[in-house]
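# Coordinates in review
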Number of protein chains: 2
Amino acid sequence: MTTESTSRSRKPKRGQTREALMSAALELVVKKAPFSALSLREVTKKAGVVPTAFYRHFPDMSALGLTLLDESFRTLRQMMRQVRQQELPNERMLRGSVETYFTYVRNNRAHFLFVSKELASGTPTMRNAIRREIRMFTNELAMDMARFPFLNHINAEDLQMMAGLVVNNVTALTQEMLELEEIDETGQQEVLITAEKQLRLIYFGVGMWRSDKSHS
Amino acid sequence: MTTESTSRSRKPKRGQTREALMSAALELVVKKAPFSALSLREVTKKAGVVPTAFYRHFPDMSALGLTLLDESFRTLRQMMRQVRQQELPNERMLRGSVETYFTYVRNNRAHFLFVSKELASGTPTMRNAIRREIRMFTNELAMDMARFPFLNHINAEDLQMMAGLVVNNVTALTQEMLELEEIDETGQQEVLITAEKQLRLIYFGVGMWRSDKSHS
DNA sequence: CTTTCCCGTCAACACATGTTCACTAAAAAA
DNA sequence: TTTTTTAGTGAACATGTGTTGACGGGAAAG
């Protein structure tokens, strides 16, 4: 027995209350409302703890929110790393990346949902943090693309634009996927196929790119 | 004098309270929080009316929300109509459409912001209504594209996919634009340029589209 | 051992919230 | 005109909220 688990109203829960608070909040966000609509008491109740215990771990709700955001970012970066270390771009790579990505989304619904909601409805602090993170992803993607042989005739600015296009779409499709029931296999498969098609269009459509008339 | 405007604690405000409530709520959403975080009393206070007066116009807050959504949709459809009745696609059309669209966004910040926030953080009812509306837009766009001469070799399914790509991106760029300060002219100009570039890539990149190997 | 400190509990507060009810003045209908 | 309907007000309620303070048990440090 590791923690003397009588499980019944034992008082000090050995630092695991903090995590209980975090996952309680996360659950509530997933199945109820934006984080800003959660009340401290609500969270502590769901965590099985008295309201005042909250202050032992966080100064206030917004601190909890930022911690949750950090945790989500860790998930996101881990995903990014895994997607990036795919091999160089042959025809198959695209499908592979898309699949690993959306598998990640499925396995981390809560975090993706949290970020997605906060991006639109969070405090300015949160929104900025998320948008900064997304901009970082975009930059990394642009750098990766610069290494693709069939894209090496594209200048840096256009690569950035392309990467933005990709990220915007993946983001949108992610939100679409998150709206689906977890059971809806066919729906999820459709999103995946759409994603692959759209990315294919972006990647290979860029081949037409040549110096054209208008704009500076 | 039309409405006997002594303006000072005059009692019946002739049906204009309803609108006051709506725009009060809209303002609060714009500069404070998601709609779900607004309180009835907060709204009535901002509207300059006693809390109980609310019930003369709406059964509860969620009804106000739906009304606000309706109003926003009217704005959105009007915009769509105006963008659609642009001429057929020469090189200039793209820029023209992009400009009219984002002008609309600028002139209706509140409505676009409201919809954008509710899409992510609203009640399921709201989210579904918005997604349905967006799907409608996408379909109309696909139909419009079908009439473009240089796209008439694309089958319906791919057109739908293309339209989705366009809508996803415009949505994302809209949110980006809404994050900018209203004064930030250069920032807004940049978004506009990016938009045009990205759309150009989508529209003309599709020229490469030919029956290729993989996927069903 | 004793002391310290972490961490959960309980009681209590001041305040904001949604909603009710009865009341009334103006506008509209008769 | 009189009557009815519409749309505002005020007092009052039960409940939910963030936060404070003093208390105490168990784990870790001395």
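Residues numbered from 1 in each chain as written. Chains lettered and ligands numbered in written order. Predicted model: local features only at pLDDT ≥ 70, side-chain atom pairs only at ≥ 80, totals over all residues. Heavy atoms only, no water.

Under the definition given, this model contains 14 aromatic pairs over all chains. One aromatic cluster in this structure is built from Phe54(A), Tyr55(A) and Phe58(A). (Phe/Tyr/Trp six-rings, centres within 6.5 Å; stacked < 30°, edge-to-face > 60°.)

A few words on helix H7 (residues 156-179) of chain A. With 24 residues, H7(A) extends 35 Å from end C-alpha to end C-alpha; this agrees with the ideal 34 Å at 1.5 Å per step. Capping the start of H7(A) is the job of one residue whose side-chain oxygen sits 3.1 Å from the backbone nitrogen of Glu157(A): Asn155(A). (Helix = DSSP H or I, 4+ residues; strand = E, 2+ residues; numbered from the N terminus. Expected span 1.5 Å × (residues − 1). Polar contact = N/O pair within 3.5 Å; in protein donor to acceptor, adjacent residues only side chain to side chain.)

This next bit is on the nonpolar core. Membership of the largest hydrophobic core comes to 126 residues, with the highest contact counts inside it found for Leu64(A), Phe102(A), Leu64(B) and Phe102(B). Among residues more than four places away in sequence, those in contact with Phe102(A) are Leu173(A), Thr174(A), Met177(A), Val191(A), Leu192(A) and Ala195(A). (Core = buried A, V, L, I, M, F, W, Y, C linked by side-chain atoms within 4.5 Å. Buried < 20%, exposed > 50% of the residue type's maximum accessible area, 1.4 Å probe, protein only. Contact = heavy atoms within 4.5 Å.)

This next bit is on the packing of helix H1 (residues 16-31) of chain B against helix H5 (residues 109-121) of chain B. Residues and elements named next belong to chain B. Closest axis-to-axis distance for the H1/H5 pair is 9 Å, and the angle between their directions is 65°. By the angle class used here, H1 and H5 are roughly perpendicular. The way H1 lies across H5 gives a crossing that is left-handed. Facing Leu 26, Val 29 and Val 30 of H1, the residues of H5 in contact are Ala 110, His 111, Leu 113, Phe 114 and Lys 117. (Axes fitted to C-alpha atoms, helices over the stretch in contact; angles between N-to-C directions. Parallel < 35°, antiparallel > 145°, perpendicular 65-115°, else oblique. Left-handed = near helix turned anticlockwise from the far one by under 90°.)

Right, let's talk about the pattern of salt bridges for a bit. Per the stated rule, a full pass over the model turns up 28 salt bridges over all chains. When the shortest N-O distance is used, the salt bridge between Lys46(A) and Glu27(A) registers 3.5 Å. One end of the pair, Lys46(A), is in helix H2 (residues 40-46); the other, Glu27(A), is in helix H1 (residues 16-31), and 19 residues separate them in sequence. When its relative accessible area of 38% is taken as the criterion, Lys46(A) is described as partly exposed. Judged by its relative accessible area of 38%, Glu27(A) is partly exposed. We note a salt bridge from Glu182(B) to Arg109(B), for which the minimum N-O separation is 4.0 Å. Of this pair, Glu182(B) sits in the loop between helix H7 (156-179) and helix H8 (185-205) while Arg109(B) is found in helix H5, placing the two residues 73 residues apart along the sequence. Each of Arg84(A), Glu140(A), Asp144(A) and Arg147(A) takes part in one network of salt bridges that share partners. (Salt bridge = Lys/Arg side-chain N within 4 Å of Asp/Glu carboxyl O.)

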